[in-house]
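# Understanding the architecture of this molecule
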Amino acid sequence: MSLYESLTTESAVSLMKKLDLFAKSDTLSCQEIGDGNLNYVFRIIGTEKSVIVKQALPYAKVVGESWPLTLERADIENRALRLHGQFAPHYTPKVYYSDKSLAITIMEDLSHLEIARTGLMTGMDYPLLAQHTGEFIARTLYGTSDFALGPQEKKKLQNTFCNPELCAITEGLVFTDPFFDANTNDFEEALHPDVAKIWQDSALKLHAAQLKRLFLTSGDALLHGDLHTGSIFASQTETKVIDPEFAFYGPFGFDIAHFTANLFMNAFSREESRRAPVYAHVVTVWDVFTAEFTRLWNENNTEAFAQTDGYLEWLLADIFEQATGFMGLEMIRRTIGLAHVKDLDGIEEEARRLEAKRQSLSMGAHFVKERARYTTADQLVAACKEGFE
Ligand code: SR1
Ligand code: MG
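A quick note: this is a predicted structure, and the numbers were derived from the prediction, not measured.

Turning our eyes to something else, we now look at the sheet that holds strand 3 (residues 50-56). With antiparallel pairing, five strands are arranged side by side in an open sheet as 1-2-3-7-6. Bordering the open sheet on either side are strand 1 (29-32) and strand 6 (95-99), each of which pairs with just one other strand. Taken pair by pair, the neighbouring strands of this sheet meet at an average axis angle of 20 degrees, ignoring direction. Bridging between strand 6 and strand 7 (residues 104-108) involves four bridges; their strand directions are antiparallel. In the strand pairing of strand 7, D99 is matched with I104. Here helix 1 (residues 9-18) sits on the sheet in contact with strand 1, strand 2 (39-45), strand 3 and strand 7, set at roughly 130 degrees to strand 1.

In the structure shown here, the tally under the stated rule is 24 aromatic pairs. With a centroid separation of 5.7 Å and an interplanar angle of 55 degrees, the aromatic rings of Y40 and F42 are classed as tilted. Judged by relative accessible area, which is 23%, Y40 ranks as partly exposed. Its relative accessible area of 2% is what places F42 among the buried residues. Ring centres 6.4 Å apart and planes at 15 degrees place the aromatic pair F147 and F252 in the stacked group. Here F252 lies in the loop between strand 12 (248-250) and helix 10 (254-269) and F147 lies in helix 5 (residues 146-149), a separation of 105 residues in the sequence.

Around ligand 1 sit N37, L38, V62, W67, I169, L173, D226, H228, F246, R333, R334 and A339, and those are all the residues in its vicinity. In the model, an oxygen atom of ligand 1 is placed 2.6 Å from a nitrogen or oxygen of the N37 side chain. Residue R333 places a side-chain N or O atom 2.8 Å away from an oxygen atom belonging to ligand 1. Coverage of ligand 1 by the protein amounts to 95% of the 320 Å² it exposes when considered alone. The residue makeup of the shell around ligand 1, split by class, is seven nonpolar, two polar and three charged.

On to the nonpolar core, then. In terms of nonpolar packing, the biggest core is built from 83 residues, with F264, F289 and F293 touching the most fellow members. Broken down by element, this core gets its largest block of residues, 12 residues, from helix 12 (residues 311-336). In contact with F264, not counting residues within four places along its chain, are Y279, V282, M327, M331, L380, V381 and C384. Within the second largest apolar cluster, 16 residues are counted, among which are M16, L21, F42 and I104.

Under the definition given, this model contains 27 salt bridges. Among the salt bridges present, the one from E135 reaches R139, with a minimum N-O distance of 3.5 Å. With E135 and R139 both in helix 4 (residues 129-143) and four residues apart, this pair spans about one turn of that helix. Of the two residues examined, E135 and R139, each falls in the buried class. Across the pair D345 and K357 runs a salt bridge whose closest N-O atoms are separated by 2.7 Å. Of this pair, D345 sits in helix 13 (residues 342-345) while K357 sits in helix 14 (residues 350-369), and the two are 12 residues apart along the sequence. By relative accessible area, K357 is classed as buried at 3%.

Detailed reading of predicted coordinates is not advised where the pLDDT is low. Confidence in the prediction of the protein chain, expressed as mean pLDDT, is 97, and 100% of residues score 70 or more. Ranking the elements of the protein chain by mean pLDDT puts strand 4 (residues 59-60) last with 88 and helix 4 first with 99.

Along the polypeptide, H281 turns up in helix 11 (residues 276-299). What H281 contacts, discounting residues up to four positions off in sequence, is D125, Y126, P127, L129, A130 and L263.

How each quantity is defined
- Residues numbered from 1 in each chain as written.
- Chains lettered and ligands numbered in written order.
- Predicted model: local features only at pLDDT ≥ 70, side-chain atom pairs only at ≥ 80, totals over all residues.
- Heavy atoms only, no water.
- Pairing = 2+ DSSP bridges.
- Helix = DSSP H or I, 4+ residues; strand = E, 2+ residues; numbered from the N terminus.
- Axes fitted to C-alpha atoms, helices over the stretch in contact; angles between N-to-C directions.
- Contact = heavy atoms within 4.5 Å.
- Phe/Tyr/Trp six-rings, centres within 6.5 Å; stacked < 30°, edge-to-face > 60°.
- Buried < 20%, exposed > 50% of the residue type's maximum accessible area, 1.4 Å probe, protein only.
- Near = heavy atom within 4 Å.
- Polar contact = N/O pair within 3.5 Å; in protein donor to acceptor, adjacent residues only side chain to side chain.
- Areas by Shrake-Rupley, 256 points an atom, 1.4 Å probe, with all protein chains shown as cover.
- Nonpolar A, V, L, I, M, F, W, Y, C, P; charged D, E, K, R; others polar.
- Core = buried A, V, L, I, M, F, W, Y, C linked by side-chain atoms within 4.5 Å.
- Salt bridge = Lys/Arg side-chain N within 4 Å of Asp/Glu carboxyl O.
- pLDDT = per-residue confidence, 0-100.

So, in structure tokens, the structure goes:
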């Protein structure tokens, strides 16, 4: 018999008392604050402290009960958070408690920070966002890879992060549906000609298929799996990466691709004069990721070929090329697929909104098809600023 029941604000408060996370005499208040696509998030405030309780629902909240979804994802998220806490403690919320049967994780309340997407949309630039995120990505990926763990330990860990249902969401929503007339797609009528062009572009479809195969078959490292700007809390000085329920072993380039795609879409939503700090983040995250991955490679590497001339350089170039393709796919699906981004949808003036969405679609398709042409983040930014041939 399943012990699962979905929490209410009242039962969440009772649970806190039962778990002794607050004094029995403390007066607690509780609010459901989740604005994501899948879960409930409760904030519980006592006299001296507060915590977050995240509970997975047995279906996708964004669609409803017609889309059943495994509760296993709460356990994946809890274990991924704990691992991230080992590799990147400064950038990961603390986990206080988890319960697999209730599908809950109780963690540090980060309400003193703001979701990076929300802040970027209101003009915040978060000077350390890319530095911290680049370190987070390099440390969590490198630390869970064959290079750091050795193939045996890595395979054992990989086996514990099989996440077929959430991978299926990504395989469908990111890698497949936007390229066909699928029910999940969602776009405004004015974009129909742009979307039809995508559906008819057989070269683009071939590249999407190649990138999908990479996602299906590569097991380089434990990915966050959904590292967009809505999965990051930030301030001027702090950055915390949340929500790794899509975690699984996948290709090295995936997480940095999603982060940079979401930066680019934010840039497209801004007036041109205000884009520079966001473009700078794209360059910084690549610089920091490369430097940190290189440092870890040289400090702790179990691979016999590690110091072979050209191996690291080849790997970094390969990661960059795959990431450029994944980035393009994320830009396309966030514009015409099921799950949009507020950066683009929130532009009130229709002409400007359509222009930003068209830029996201055309740059996305270009990066997918022409990913082999690009070798530096400066070139990606230049293509977005100046267009491409
Ligand atoms: C049905 S879930 C839709 C999207 O929300 C998540 O955050 C992932 O990005 C997923 O693709
Ligand atoms: Mg999420």
